[in-house]
Amino acid sequence: METNKDDSQRKRTGRWKLLAVLTVCAAPLLASYFTYYVIKPTSRNNYGALIDPRQYPIPAMASTELDGKAATLDELKGKWIMLKVGGSDCQQACQDQLFAMRQLRTMQGKEMERIERVWLITDQEPLETMLLRVNDGTRMLRAPADAIAKWLPVEQGGKADEHIYMIDPLGNLMMRFPKNPDPSKMKKDIGKLLKASAIG
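Below or above, wherever it landed, is the structure these notes cover. All values derive from a computational prediction rather than experimental measurement.

## Section: the overall build of the protein
Here is step 1 of the chain: Within the protein, the regular secondary structure consists of five helices and seven strands.
Here is step 2 of the chain: Seen in sequence order, the protein has helices and strands lined up from the N terminus as α-β-β-β-α-β-α-β-α-β-β-α.
Here is step 3 of the chain: A total of 200 residues make up the protein; the buried ones form 36% of that total.
Here is step 4 of the chain: Contacts in the protein between residues far apart in sequence, at least 24 positions, make up 64% of those at least 6 positions apart.

## Concerning the environment of Ala160
Here is step 1 of the chain: Residue placement: Ala160 occurs in the loop between α4 (145–151) and β6 (165–167).
Here is step 2 of the chain: Taking the C-alpha atoms as reference points, Ala160 and Val85, 75 residues apart in sequence, are found 6.7 Å from one another.
Here is step 3 of the chain: Residues in contact with Ala160, not counting those within four places in the same chain, are Val85, Leu152, Val154 and Tyr165.

## A word on helix α5 (residues 183–196)
Here is step 1 of the chain: Here α5 is 14 residues long and its end C-alpha atoms lie 20 Å apart, about the 20 Å a rise of 1.5 Å per residue gives.
Here is step 2 of the chain: All of the buried residues along α5 are Met186, Asp189, Ile190, Leu193 and Leu194. Across the axial projection of α5, the buried residues extend over an arc of 135°, all falling on one side. Turned more than 90 degrees from where α5 packs its buried face, Lys188, Lys195 and Ala196 sit exposed.
Here is step 3 of the chain: If you follow the buried residues of α5, they end up packed against β3 (80–86), α2 (92–107), β4 (115–121), β6 and β7 (173–176).

## Considering the pattern of salt bridges
Here is step 1 of the chain: Going through the model one piece at a time under the given rule, you end up with six salt bridges.
Here is step 2 of the chain: Where Arg105 meets Glu113, a salt bridge forms, and the shortest distance between an N and an O atom there is 3.5 Å.
Here is step 3 of the chain: The buried category is assigned to Arg105, whose relative accessible area is 15%.
Here is step 4 of the chain: Asp123 is the partner of Arg142 in a salt bridge, and the nearest nitrogen-oxygen pair spans 3.8 Å. A residue pair is termed long-range when its members are at least 10 positions apart, and Arg142 in strand β5 (residues 139–142) and Asp123 in the loop between β4 and α3 (129–134) qualify at 19 residues.
Here is step 5 of the chain: A relative accessible area of 8% means that Arg142 is categorised as buried.

Procedures and definitions
- Residues numbered from 1 in each chain as written.
- Predicted model: local features only at pLDDT ≥ 70, side-chain atom pairs only at ≥ 80, totals over all residues.
- Heavy atoms only, no water.
- Helix = DSSP H or I, 4+ residues; strand = E, 2+ residues; numbered from the N terminus.
- Buried < 20%, exposed > 50% of the residue type's maximum accessible area, 1.4 Å probe, protein only.
- Contact = heavy atoms within 4.5 Å.
- Expected span 1.5 Å × (residues − 1).
- Arc of directions from axis to C-beta.
- Salt bridge = Lys/Arg side-chain N within 4 Å of Asp/Glu carboxyl O.

Put into structure tokens, the structure is as follows:
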């Protein structure tokens with residue numbers, strides 16, 4: 001009788017030990033699920049906001065070169081596109097964006113040739129000659145303002161012309177930088193994208 005009692009005690013003890021081992025093994029997995037689904041971590045490695053390209057495909061739009069010749073963003077597939085939009089009346093904020101795009105491309109060193117700078121101009125007004133000269137190398141396309149407004153996601157209460165966007169070499173809109181961004185943080189993001197990409 002005593003033997004049966006000892007066997008039963010050993011079995012209970014064994015079960016508790018097994019349960020303890022399983023709990024220890026499962027703890028990291030359970031903690032990760034709890035953190036992801038309950039705590040929802042906010043830390044991230046990227047500075048710009050990632051965009052789901054499935055929600056914002058590049059629309060078909062009647063865009064043209066400054067001389068009126070038809071031209072589209074599709075023609076630049078195979079390159080990373082640093083994109084800004086806005087009217088031809090390019091005030092200080094607009095000029096700062098164009099300057100930042102030039103600098104950010106140059107900062108990528110030998111990788112800079114993988115990047116195209118594009119300004120989608122949302123009206124038909126003429127551009128100042130000095131603006132054209134200073135931004136030589138920036139692709140300037142005229143595009144319908146309504147198509148742009150429906151396409152590009154913005155920060156709450158913001159406007160598309162306040163942001164610089166990134167389009168990947170496959171033609172996917174995939175990142176939006178904040179208004180008045182930190183150029184050093186943008187540089188890091190763009191560098192990571194170029195390093196991680198085997199195309200473009």
